[in-house]
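What the coordinates show
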Amino acid sequence: MSLYLEYIEEINNRKNELGLAPKPIDNAELLAEIIEQIKDKDHEHREDSLNFFIYNTLPGTTSAAGEKAAFLKKIILGEETVAEITPEFAYELLSHMKGGASIGVLLDLALSDDVALSTPATAVLKTQVFLYDADTSRLEAAYKAGNTVAKDILESYANAEFFTKLPDIEEKIEVVTYIAGEGDISTDLLSPGNQAHSRADRELHGKCMISPEAQEEIQALQAKHPNAKVMLIAEKGTMGVGSSRMSGVNNVALWAGKQASPYVPFINIAPVVAGTNGISPIFLTTVDVTGGIGLDLKNWVKKVDADGNTVVDENGDAVLEEAYSVATGTVLTIDTKAKKLLNGDKELVDISSAFTPQKVEFMKAGGSYAVVFGKKLQTFASEALGVPTKLVYAASKEISHEGQGLTAVEKIFNRNAVGVLSETDLHAGSDVRVRVNIVGSQDTTGPMTCQELEAMAASTISPLVDGAYQSGCHTASVWDSKAKANIPKLMSFMNKFGLITARDPKGVYHAMTDVIHKVLNDITVDDRAIIIGGDSHTRMSKGVAFGADSGTVAVALATGESAMPIPESVKVTFKGTMQGHMDFRDVVHATQAQMLKQFGGENVFQGRIIEVHIGTLLADQAFTFTDWSAEMKAKASICISNDETLIQSIELAKSRIQIMIDKGMENEAGTLNGLIALADKRIEEVKSGTNPALAPDDNAKYYAEVVIDLDVIDQPMVADPDVNNEDASKRYTHDVIRPVSYYDGKHVDLAFVGSCMVHKGDMQIIAQMLRNIEKQNGKVEFKAPLVVAPPTYNIVDELKAEGDWDILRKYSGFEFDDANPKGAARTKYENIMYLERPGCNLCMGNQEKAEPGDTVLATSTRLFQGRVVADTAEKKGESLLGSTPLVVLSSVLGRFPTIEEYKAAVEGIDLTRFAPPTEEMTTKYAVPIKVV
């Protein structure tokens, strides 16, 4: 059967089984057949073939795009004649292909001696921004050789006409409200984790947003208000918490945005989203990628009494009252010039934060990518012409306070800044382009990152990036048909692009599924690095790491840069003594609880950097804090370590990178060996005193300072989804932290130790507890299933070498086998211990899940509704989060322990210990020498 007929069969299946349109074409061989059918005027499939060629072929660097560009070139040159595609129309189609082969064709035509070809090609080229080194080098060479067309194009680029000639955004945008949910809305609602396999198939994935009923309601609003955009709202909460999820924004844009190009299907832009408490920072970055609008509504405010004091309820929480209504179906107006949200003529709220000069540029350009690449192209052209770069884009805000020291994040941003004009160091609030040192892509967003790289015509990783890793952890649990279809293709693409890949596409080394965050934590060898990763838990304990959408990851991979404001910081220090029966996870949970108490319920961490003065805790253990900072709604977290601890952490990273090399994971570019060289250099800097461990200045300015009292933490602390709270906005927030005594023997259906929140020490704690229980009772019996998923294979290997794996294996009823991985997700659990493949497992919820309605106690990070465990009609599923020793003991008892039982069970066990640093971890402020 021909590829075309196979495609038709797929189309019929999609239509009949799923109600979907034809899948966009990315395959050159298929498009070549389609082109032959177009050329045959009598072919029975000619009309359909024309439609597929014009309207259903993916642009950029897909192989199909190359085939399309080549055929359009032949039409323009008169070598082929297609009545329906005139040369003029061929130029238009090339203009919508946005880089890749289309740029090569346009340059061929523009730089030719035929004015009839050169003139229209030049006009199209002046609108393009996705040019890479091969393209710009060709233009520069032609210009230096005296080509006047090349000069004309470069002058246009130097003036940024590709941006300045775009229409301005509308002054008034009418919206109709749709409340997507009450309380914080996680991106799981917009793009469920259990549908991760379909994210690259945009139309199919769009069917999973919220619910079919919600989709129908959105369509009904659109029909009733054809001139308004539907605005999705998190009522009494924050929109987009927990994850960046490009797929979430893609889904919202698909249902409530506008089509980016008439010739590219299912790629929509410019959605409008809002929340009572605004948009989660990492999700807002994703909204910017699409040129969308994210509003902070402030439509519920704290109620105050006659004396101006905040009114609280019986639980001590602030009582909220409605400032104005955004009930579904309310028609409002966004005044983009006045930066106000209006109901008729009535001003509701100032929305200036959504319309900064930079955000307006993203909206005008159709997304942040076009601005990032436009700035690079303008800079290149100006340098090629030898002229100053003209100020076209909004000047980056550069804030510098004389005599004020720098926080840790300010130091990192200043070190990595690109194109800064200021003569002095920059402080929080400044807009900065920064070099990205480490990049991570995970496997459920990876296929979209590949699409983004193809769309922006990138073919290889930027040489500015020190190291990049593609994980297989989110699909590690089950090697099913979906994983088999997606993962090999993903790994092959990323391996060729220049990343270190978790699963080897060539069969040279054993397949890995290590958790992305743990690997990134290991390959980060500089405490001054900037890390970008395709997951909200990209929060390393060395350097500063930002979770990002698949598109921002793609930009970082392709350019080695990212752009963002320098965030404000909150300083966290500790006092007192950590009690012997407490685990560091309890300190992490208590940090959130004590912070909320200290600031009257205000989450001062939200949208800011948590600068935690950790002192002597190694990077592996400190990662437990930085990882959890995603649940604190922080933008990122930075660990301040002393010199000795930093050196130990980097040495540990070196040893694990060497293991990756020994297993054959090095690439042709020698990335892993390069990281070891960088590690050695950093260690020498610290030892010699020429550049000690990162620390803030003693007169740095913080948004807030939080002091955590270790003395008052005397019970294991549990993060509770509070599923039965009468106020729906207070469920699933990660803000309810309770001591174990609250649960008073509450039944536990399933226990889980794993995902990125655990480290080698947690695996050792399990082994120690099993030995203790065996010694006390003669054997170990589980009254609830215990699922254990180590974060990396390195840890498993170390446990095997040291003997701890033996006791785990002894009491396991299931042990993973990489030679024969599971082909289907487990739906029922026995009261045994399961030793699962390294990876995310239950935390991800896209493959393995607890049984519906279960009460799950886990070391995981996720307590969102339906993520780890679904609800039943009779009972809501609960995912309560605690420390490893608490989870293990609860699985043995089948219930929460009493504090006495817990203390007895952990006696003599070396839990993850922590002591506050005894010295002030700052540097003496001195006027720095600025190096740009």
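Treat the numbers as computed from the prediction; the structure is a model and nothing was measured.

Considerations on the overall build of the protein
From N to C terminus, the protein includes 31 helices and 33 strands. Here the C-alpha radius of gyration of the protein, 28 Å, is about what a compact globule of 932 residues would show, namely 30 Å. Projected onto the principal axes, the alpha-carbon positions of the protein cover approximately 90 × 70 × 60 Å. Taking all contacts inside the protein whose residues are at least 6 apart in sequence as the whole, residues at least 24 apart take part in 73%. For the protein, the exposed surface amounts to about 35300 Å²; the carbon and sulfur share of it is 49%. Averaging the positions of the 91 positive and the 130 negative side-chain charges in the protein gives two centres separated by 1 Å.

Observations regarding the sheet that holds strand β23 (residues 609-615)
On the basis of which strands lie adjacent, the open sheet formed by four strands has the order β24-β23-β22-β25 and parallel pairing. This sheet does not close on itself; its edge strands, each paired only once, are β24 (636-641) and β25 (704-709). Adjacent strand axes in the sheet meet at a mean angle of 25°, parallel and antiparallel pairs treated alike. Across four bridges, the pairing between strand β22 (residues 569-575) and β23 is parallel. Considered in β23, the bridge of Val572 is made with Val612. Packing of helix α24 (residues 619-628) onto the sheet brings it into contact with β22, β23 and β24, and relative to β24 it is tilted by some 150°.

A closer look at unusual backbone geometry
Glycine aside, negative phi is the norm for most residues, and most peptide bonds take the trans geometry. Within the chain, Lys98 stands out as a residue other than glycine whose phi angle is a positive 55°. On the basis of relative accessible area, Lys98 is assigned to the partly exposed category, the value being 38%. One non-glycine residue, His734, lies in the positive phi region at around 70°. Among the secondary structure elements, His734 is positioned in the loop between β26 (717-719) and β27 (737-739).

Comments concerning the sheet that holds strand β17 (residues 467-470)
Spatially, the five strands line up as an open sheet ordered β18-β17-β16-β19-β20, and their pairing is parallel. Unpaired on one side and paired on the other, β18 (500-501) and β20 (544-547) mark the two borders of the sheet. Where strand β19 (residues 530-533) and β20 come together, four bridges link them in parallel fashion. In the strand pairing of β20, Ile532 is matched with Phe546.

Points about the pattern of salt bridges
A complete count under the given rule lists 58 salt bridges for this structure. Ionic pairing is found between Arg435 and Asp466, a salt bridge with its closest N-O pair at 2.6 Å. Here Arg435, found in strand β15 (residues 431-435), pairs with Asp466, found in the loop between α19 (446-455) and β17; they are 31 residues apart in sequence, far enough to count as distant. On the basis of relative accessibility, which here comes to 25%, the residue Asp466 falls in the partly exposed class. Residues joined by salt bridges that share partners form a network here, namely Arg415, Asp526, Asp527, Arg528, Arg682 and Glu685.

Remarks on the packing of helix α27 (residues 760-777) against helix α30 (residues 884-893)
Packing of α27 against α30 brings their axes to within 9 Å, and their N-to-C directions diverge by 40°. Between α27 and α30, the crossing angle belongs to the class labelled oblique. For α27 against α30, the interelement crossing comes out right-handed. Contacts between α27 and α30 involve Asp762, Ile765, Ile766, Met769 and Ile773 from the former and Thr884, Pro885, Val888, Leu889 and Val892 from the latter. Residue composition of the contact of α27 with α30, by class: eight nonpolar, one polar and one charged.

What about the packing of aromatic side chains?
Scanning the model with the defined rule gives 19 aromatic pairs in all. Ring geometry for Tyr157 and Phe162: centres 5.8 Å apart, planes at 55°, overall tilted. You can call Phe162 buried: its relative accessible area is 6%. Centroid distance Phe814 to Tyr834: 6.3 Å. Interplanar angle 45°. Geometry classified as tilted. Taken together, the residues span a long stretch of sequence, with Phe814 in strand β30 (residues 812-815) and Tyr834 in strand β31 (residues 833-835) at a distance of 20 residues. Given a relative accessible area of 4%, Tyr834 falls into the buried group. By way of ring pairs, the aromatic residues Tyr4, Tyr7 and Phe52 are connected into one cluster.

Quick word on the environment of Asp307
Take Asp307: it is sitting in the loop between β9 (300-302) and β10 (320-322). Residues Asp307 and Ile683, spaced 376 residues apart in sequence, show a C-alpha to C-alpha distance of 57 Å.

Thoughts on the confidence of the model for the protein
On average, residues of the protein score 93 in pLDDT, and 99% of them reach the 70 mark or higher. Across the protein, the element-wise mean pLDDT spans from 86 in helix α15 (residues 281-289) up to 98 in strand β11 (residues 331-335).

Brief notes about α30
Extensive coverage of α30 is indicated by the burial of nine of its 10 residues. Taken residue by residue, α30 has Thr884, Pro885, Leu886, Val887, Val888, Leu889, Ser890, Ser891 and Val892 as its buried positions. Along its buried surface, α30 packs onto β26, β28 (750-754), α27, β29 (786-789), β32 (855-858) and α31 (899-906). At the exit of α30 stands Gly894, carrying a positive phi of roughly 80°.

Re the pairing of β22
Within β22, five of the seven residues are buried, which leaves it mostly tucked inside the rest of the structure. As a crossover connection, the stretch from β22 through helix α23 (residues 584-598) into β23 is right-handed. Pairing of β22 with β25 involves six bridges; the strand directions are parallel. Considered in β25, the bridge of Lys575 is made with Asp709.

Here's the deal with the side chain of Ser649
Position of Ser649 among the secondary structure elements: in helix α25 (residues 643-662). Residues within four places of Ser649 in sequence aside, it is in contact with Lys542, Leu618 and Ala619.

Focus: the pairing of β32
Along β32, one buried face is formed by Thr855 and Leu857 and the opposite face, lined by Val856 and Ala858, is buried too. Pairing of β32 with strand β33 (residues 878-881) involves four bridges; the strand directions are parallel. What sits directly across from Val856, in β33, is Ser879.

With respect to helix α20 (residues 481-497)
For α20, with 17 residues, the first-to-last C-alpha span of 25 Å sits near the 24 Å given by 1.5 Å per residue. Of all the positions in α20, only Ala483, Ile487, Leu490, Met491, Met494, Asn495 and Phe497 are classed as buried. Along its buried surface, α20 packs onto β16 (438-441), α19, β17, β18 and α22 (550-559). Phi turns positive one or two residues past the end of α20, at Gly498, with a value near 120°.

Criteria and cut-off values
Residues numbered from 1 in each chain as written. Predicted model: local features only at pLDDT ≥ 70, side-chain atom pairs only at ≥ 80, totals over all residues. Heavy atoms only, no water. Helix = DSSP H or I, 4+ residues; strand = E, 2+ residues; numbered from the N terminus. Rg over C-alpha atoms; globule rule 2.2 N^0.38 Å. Contact = heavy atoms within 4.5 Å. Areas by Shrake-Rupley, 256 points an atom, 1.4 Å probe, with all protein chains shown as cover. Lys, Arg positive; Asp, Glu negative; His and termini not counted. Charge placed at Lys NZ, Arg CZ, Asp CG, Glu CD. Pairing = 2+ DSSP bridges. Axes fitted to C-alpha atoms, helices over the stretch in contact; angles between N-to-C directions. Buried < 20%, exposed > 50% of the residue type's maximum accessible area, 1.4 Å probe, protein only. Salt bridge = Lys/Arg side-chain N within 4 Å of Asp/Glu carboxyl O. Parallel < 35°, antiparallel > 145°, perpendicular 65-115°, else oblique. Left-handed = near helix turned anticlockwise from the far one by under 90°. Nonpolar A, V, L, I, M, F, W, Y, C, P; charged D, E, K, R; others polar. Phe/Tyr/Trp six-rings, centres within 6.5 Å; stacked < 30°, edge-to-face > 60°. pLDDT = per-residue confidence, 0-100. Right-handed = clockwise from strand over helix to strand, strands pointing away. Expected span 1.5 Å × (residues − 1).

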